[in-house]
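Chain residues, written in single-letter form:
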Amino acid sequence: MLLRRACRPLGRSFARTCFVRHSTVASQEPADSDTGSSAININLSKPAHVRLPKKNPFMKSMFVGTVDTELLSFPESLNREEQARLTKQKDDLERIMQSGNKQSGAASNELYGLQGPLEYGGNQFIETELAFVNELLADNRSKAMITLEHNAIVKLIAQYGTDVSKDLYLSKLCSGEMIAASALYELDSSRQTMFSTVASLDFASGNWTLSGTKIFLRNEETVPGLLLVIASTKSMQKLSKEDGTFAAFLIDTNAPGVRISQSDLGTGGLARVTIELNHVEVPETHLVGRETDGATVLSKFLSAVRVQSSVVRVALLKKVLNSLTDFCINSKTSTGDMIDIEIVRQQLARMASIIYASESLIYMTASLMDDFENQDVEMEAAITKVFTTGSLLNLSMLPLQLLGPQALNKECTFEELFNDALKMFVGDESVDSVNLFIALTGLQYAGMHTYETIKKDRNPAMNPSYVLSKLFEKTSIENPKKFANLQQYFHPSLEPAAHWIEHSIVRLKLATECILSRHGVDVIERHIELARLANVATLIYAMTASASRASRSYCIGLRHAAQDVHLANMFCRENSEKIRLLALELEKGPYITSDDDYNVIARNLFREKRYYFEHPITKNF
């Protein structure tokens, strides 16, 4: 529901408008810094991470056929001293958490302050550091989802909160005394406002009054003490870039008018938490940012949570792959060992490539967030979320596909892993809505930069010379022409991957121009084509991250680097073919593909209110 509401202003805004990697960005280590300090001790001398000036958006630029080649080298956001300190902190935390002694509670509480400011008892982690430490909680996915969301809210308060809210909450949040949660999603929609939860300002007292209902999902009976609530402040008619229509508020769950209830959702301990806000008074000091900063705060929060939650999904994917690999090694069939079956090898290798790509996406996106000031990473974070979520649900069913009913044997863990994957899938925002967000933001960016070209495409009678020049173009979706020689930015062994990436970027640009020229601003209603375009962008980013990581591994001589190269080339080859087919379908349009047929059949289903086709043996005589 959140993305459905968020896509509405994006669509309206769209209608109005129509890679050597950067040098290592690392904080300067003071001479007297103690890199061997315990994980649960506060290092007040830790320097702030140095950021470079903001760059043009990486993935959005590919919609217009440009590539920032400085970003093609895989990131190294941490210098040796930072990485050594972080590894020691992680090892200390892991040892304490596994010991089961009284210190485990202290280590658990320490996880709530990982991104908090040093002066409030936090560790001031950047996103790369947080992702590395979040791997500790792979076996406790409920705890991981709670702590990563908590840390994202702590970071927002530190960046955008007032001095009053910082002093009131940050120490409690960093120590784990108070748990924060987000209250963003709603069941009901409104045509008048962005969100059904509405905040009104009393100009006399300066307080806000919030009314509405929010929901979120929980796998654990942890009652949050502080909520980050997004509420509408103005009607949709007043929507503009300068005047925001929603804002972010901090609400204490013990405040008058706040009512929390839980109800079981399905099986496996998943519960839906309902937050009812009945004229809850919130002082102006509890605003996160200004009244007009709601969109910025929401974007920052969603980007951080999408990336960090992907760490948990990848950890679960690794567990599925490791369990399946072990099962195959120790199992035999009537024709021999299971590991000698070709289809088993293919599926396991493909799964390994997807996990490799997912890891690469996480740390490449985290680096963009860490190393550049206020970098636009909305699309990259959304792609990371979509790719890891879809991969988790599909690949968690792989044991059942390969083994059949044997995968449900009590001696195996595959059923438990599938249940965990399903809970992570339903416990988040809709994947389809995030795909629409990816496509619309890319089209909006392309529309602003190729306005004149699109206008000529849509008015061929007024631009005959332009139409003639288009007829003699040497590039097309079926036969794209290379434009940047991207192979020079990767190791020579990855030249095939670079070739497929470059062709795919050309296809993305041509497909973007094609659907903008065909539909204009009405493209926001062409959801099937938007989904195809989002899939193309997602696969390109995954291909780029995989090839970049493999190139780095080979250049610095990491163990198994030759296998990295094989894997990246395989991944890019397979997905470049998927991109070619998707782009060709976008070029053909809804009437040559099955898009229009889908609409006809669905309309009849709605009219008949059931499956209306006659039985196969029915006679009409």
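Every value quoted in this text rests on a predicted model; they were computed, and no experiment measured them.

**Topic: the overall build of the protein**
Part 1 of the argument: A tally of helices and strands in the protein yields 19 helices and nine strands.
Part 2 of the argument: In the protein, which comprises 621 residues, the proportion classed as buried is 54%.

**Things to note about the environment of Glu-82**
Part 1 of the argument: With respect to the helices and strands, Glu-82 occurs in helix α3 (residues 80–99).
Part 2 of the argument: Take Glu-82: its relative accessible area is 3%, and that puts it in the buried class.
Part 3 of the argument: Separated by 35 residues in the primary sequence, Glu-82 and Pro-47 place their C-alpha atoms 10.0 Å from one another.

**A look at the packing of aromatic side chains**
Part 1 of the argument: Counted by the stated rule, this structure contains seven aromatic pairs.
Part 2 of the argument: Summarising the aromatic geometry, the rings of Trp-208 and Phe-249 are spaced 5.4 Å apart at their centres and angled 65 degrees between planes, so their arrangement reads as edge-to-face. Within this pair, whereas Trp-208 is found in strand β3 (residues 208–218), its partner Phe-249 is found in strand β5 (residues 246–252), the two being separated by 41 residues in sequence. In this structure, Trp-208 and Phe-249 share a single accessibility class: buried.
Part 3 of the argument: Aromatic rings pair up to connect Tyr-611, Tyr-612 and Phe-613 into one cluster.

**Regarding the pattern of salt bridges**
Close approach of charged atoms allows side chains of opposite charge to pair.
Part 1 of the argument: Tallying each qualifying case throughout the model produces 24 salt bridges.
Part 2 of the argument: Between Glu-135 and Lys-90 there is a salt bridge, and its shortest N-O distance comes to 3.2 Å. Taken as a pair, Glu-135 in the loop between α5 (127–134) and α6 (141–160) and Lys-90 in helix α3 lie far apart in primary sequence, 45 residues in all.
Part 3 of the argument: According to the relative accessible area criterion, Glu-135 is partly exposed, its value standing at 30%.
Part 4 of the argument: The class of Lys-90 is buried, set by a relative accessible area of 11%.
Part 5 of the argument: Taking the shortest distance from any N to any O, the salt bridge between Lys-509 and Glu-513 comes out at 2.9 Å. One end of the pair, Lys-509, and the other, Glu-513, are both in helix α16 (residues 495–519), four residues apart, so they sit about a helical turn from each other.

**Section: helix α19 (residues 595–608)**
Part 1 of the argument: The first and last C-alpha atoms of α19 sit 21 Å apart over 14 residues, in line with the 20 Å expected at 1.5 Å per residue.
Part 2 of the argument: Lys-609 lies just past α19 and shows a positive phi near 65 degrees.

**A few points about the nonpolar core**
Part 1 of the argument: Counting residues in hydrophobic clusters, the biggest one holds 143 residues, and the most contacted among them are Phe-58, Met-59, Phe-301, Ile-438 and Leu-533.
Part 2 of the argument: If you tally residues by element for this core, the top one is helix α8 (residues 294–329), at 17 residues.
Part 3 of the argument: Apart from the residues lying within four places of it in its own chain, the contact partners of Leu-533 are Phe-63, Ala-439, Leu-443, Leu-508, Ala-511, Thr-512, Ile-515 and Leu-586.
Part 4 of the argument: Counting 20 residues, the second largest nonpolar core, distinct from the first, contains Ala-181, Ala-199, Val-229 and Leu-287.

**Overview of a nonpolar patch on the surface**
Part 1 of the argument: A cluster of nonpolar residues, Val-600, Ile-601, Leu-605, Phe-606, Tyr-611 and Phe-613, forms a patch on the protein surface that exposes about 640 Å² of accessible area.
Part 2 of the argument: One can find Tyr-611 in the segment after α19.
Part 3 of the argument: Judged by relative accessible area, which is 60%, Tyr-611 ranks as exposed.

**Comments concerning the packing of helix α14 (residues 451–458) against α16**
Part 1 of the argument: Packing of α14 against α16 brings their axes to within 8 Å, and their N-to-C directions diverge by 55 degrees. Classified by the interaxial angle, the pair formed by α14 and α16 is oblique. Crossing hand, α14 versus α16: right-handed. Of the residues in α16, those in contact with Ile-454, Asp-457 and Arg-458 of α14 are Glu-513, Leu-516, Ser-517, Arg-518 and His-519.
Part 2 of the argument: Looking at side-chain class alone, the contact of α14 with α16 contains two nonpolar, two polar and four charged residues.

Conventions we followed
- Residues numbered from 1 in each chain as written.
- Predicted model: local features only at pLDDT ≥ 70, side-chain atom pairs only at ≥ 80, totals over all residues.
- Heavy atoms only, no water.
- Helix = DSSP H or I, 4+ residues; strand = E, 2+ residues; numbered from the N terminus.
- Buried < 20%, exposed > 50% of the residue type's maximum accessible area, 1.4 Å probe, protein only.
- Phe/Tyr/Trp six-rings, centres within 6.5 Å; stacked < 30°, edge-to-face > 60°.
- Salt bridge = Lys/Arg side-chain N within 4 Å of Asp/Glu carboxyl O.
- Expected span 1.5 Å × (residues − 1).
- Core = buried A, V, L, I, M, F, W, Y, C linked by side-chain atoms within 4.5 Å.
- Contact = heavy atoms within 4.5 Å.
- Patch = residues over 30% accessible without salt bridge, like charges linked within 9 Å, V, L, I, M, F, W, Y side chains within 5 Å.
- Areas by Shrake-Rupley, 256 points an atom, 1.4 Å probe, with all protein chains shown as cover.
- Axes fitted to C-alpha atoms, helices over the stretch in contact; angles between N-to-C directions.
- Parallel < 35°, antiparallel > 145°, perpendicular 65-115°, else oblique.
- Left-handed = near helix turned anticlockwise from the far one by under 90°.
- Nonpolar A, V, L, I, M, F, W, Y, C, P; charged D, E, K, R; others polar.

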